[in-house]
Amino acid sequence: MGRSDLERLSREELIDLVLRLQRPEKTSRTSSKPPATDRKERREQSKPGGAKPGHEGHSRVLSDDPDAVVEHRPDRCSCCGGDLHAALPAEVVSLSERIELPEVAPVVTQHQRLAVHCPSCGTRVVAPVPEAARGTPFGPRLHAVATYLKTFQALSYERLQAALSDLFGLSLSQGGLMNLLRRAQGRFRPGREEAVSALRRAAVVASDETGVRIEGSNAYYWVFHSADAVVHTASPTRGAVVVREMMDGHRPAVWISDRYTAQQGHAAAHQTCLAHLARDVAYAVEASDDPVPWRLQLWLRSVFALAEHVTDFATSTLATKRRSLDRQLGAILATPSGCDLTRDLQAKIGRARDQLLVFLAHPGHVQPTNNGSERLLRPAVVQRKMTNGYRAMWAAAGEADIRTVVDTARLTGSRPFGTILKTVGA
């Protein structure tokens, strides 16, 4: 906007423009921006981390089955100097442990094919090629370690190469590592197909997506999850076609996501993430003196408080509370306002009104937020920041397969490395 444009504005329009320019910047608390983008001075004024006053402390649990036990007992009396022989009874007054990692070195098994001349006919007989000599010289555990470090610790090829060399004394080229990882990724395809099949039977599905770089271009990393499965997928598009291909015609009872258009219309009902709305409301409260955003904030707090105890109420009680909350929201949305932020907020919430309290009709099965999807996407975001994306689509797709199998196994309590080792060694 130039000087001539400003001169044509009325007094009220100039006041409105100045007020807009004076609005605070959005932060991670008032928008979907990550905490790392918050200004440094705001972070310095924030509360310190760590345990808060009154928090119950925790200490490391001592081992029930130590590898060795060393007893330290006195041999002389500190009072009279008398001999305290070993036959005297003793009591344990304290326990302490020292934990150390053993030196890890590769175990190399060399397979030699031998030839023997038959003493009867003189024929030279050569032993068949052993199974260990077919294919890769690297064993399942090495494949699993490299896969774990690359996928779940976000190591680049260069850093993975250095880690294997420094920790285990293994010298592998980056090309060799790439081939190793590609072989390992192929083992996860059957597990991915099982997870996708379970997802396509689910009654409640949640989904989210984030940007990622693949082959130097902008692409997207998606996650879909239900009570029994987690499915990750990489795609060049953010369009609804990704959802349609994933669900293959299956329409769950409820879909949980943000308000992004491509996430809409895939289930009988939709639960909009209330955490996203809460951040929008928090910004309006901070940037405006209008009372409507404050009323919306109080309304959301009552909704979140109800969500914490949603399984404690009977179905009829939840239905009554839902009607009451909906009436309160209707009154808030109908309140006239002269603030553009408030009007935008009222319009946004009004468009999603029938998607805000769906979780009350499915207590314990539908969450009011999509935080579960965001937590599942977090490792992909870390990977993007650490490695700047994927060199090839096969790498992105293969890593999505690995995360699919590992995160699905986590639903039943399995740990990542154990799942990787079991899958690679199968």
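### Comments concerning the layout of surface pockets
- Put simply, the largest pocket is a space of about 950 Å³.
- Lining the largest pocket are 28 residues, with Pro137, Phe138, Gly139, Pro140 and Leu142 sitting closest to its centre.
- Elements represented by at least two residues in the lining of the largest pocket include exactly helix 4 (140–152) and helix 6 (174–186).
- Considering each element in turn, the lining of the largest pocket owes the most residues, 5 residues, to helix 4.
- Taken as a whole, the second largest pocket holds about 800 Å³ of empty space.
- Taken together, 21 residues make up the lining of the second largest pocket; nearest its centre are Val70, Glu71, His72, Ser94 and Leu95.

### Quick notes on the side chain of Thr147
- Structurally, Thr147 can be placed in helix 4.
- Relative accessible area serves as the criterion here: at 1%, Thr147 is assigned to the buried category.
- The residues contacting Thr147, other than those within four sequence positions of it, are Phe152, Leu181, Ala184, Ile402 and Ile420.

### Digging into the packing of helix 6 against helix 14 (residues 393–410)
- Two elements in contact, helix 6 and helix 14, have axes whose closest approach is 9 Å; the angle formed by their N-to-C orientations is 45°. Judged by the angle between their axes, helix 6 and helix 14 are oblique. Every pair of crossing elements has a handedness; the one defined by helix 6 and helix 14 is left-handed. Contact residues: helix 6 offers Met178, Arg182 and Gln185, while helix 14 offers Trp394, Ala395, Gly398, Glu399 and Ile402.

Reading guide: rules and limits
Residues numbered from 1 in each chain as written. Predicted model: local features only at pLDDT ≥ 70, side-chain atom pairs only at ≥ 80, totals over all residues. Heavy atoms only, no water. 1 Å grid on protein atoms, 1.4 Å probe; cavity = no way out; pocket = protein on both sides within 12 Å on 5 of 7 lines; lining within 4 Å. Points joined across faces, edges and corners; volume = space filled by probe spheres on them. Helix = DSSP H or I, 4+ residues; strand = E, 2+ residues; numbered from the N terminus. Buried < 20%, exposed > 50% of the residue type's maximum accessible area, 1.4 Å probe, protein only. Contact = heavy atoms within 4.5 Å. Axes fitted to C-alpha atoms, helices over the stretch in contact; angles between N-to-C directions. Parallel < 35°, antiparallel > 145°, perpendicular 65-115°, else oblique. Left-handed = near helix turned anticlockwise from the far one by under 90°.

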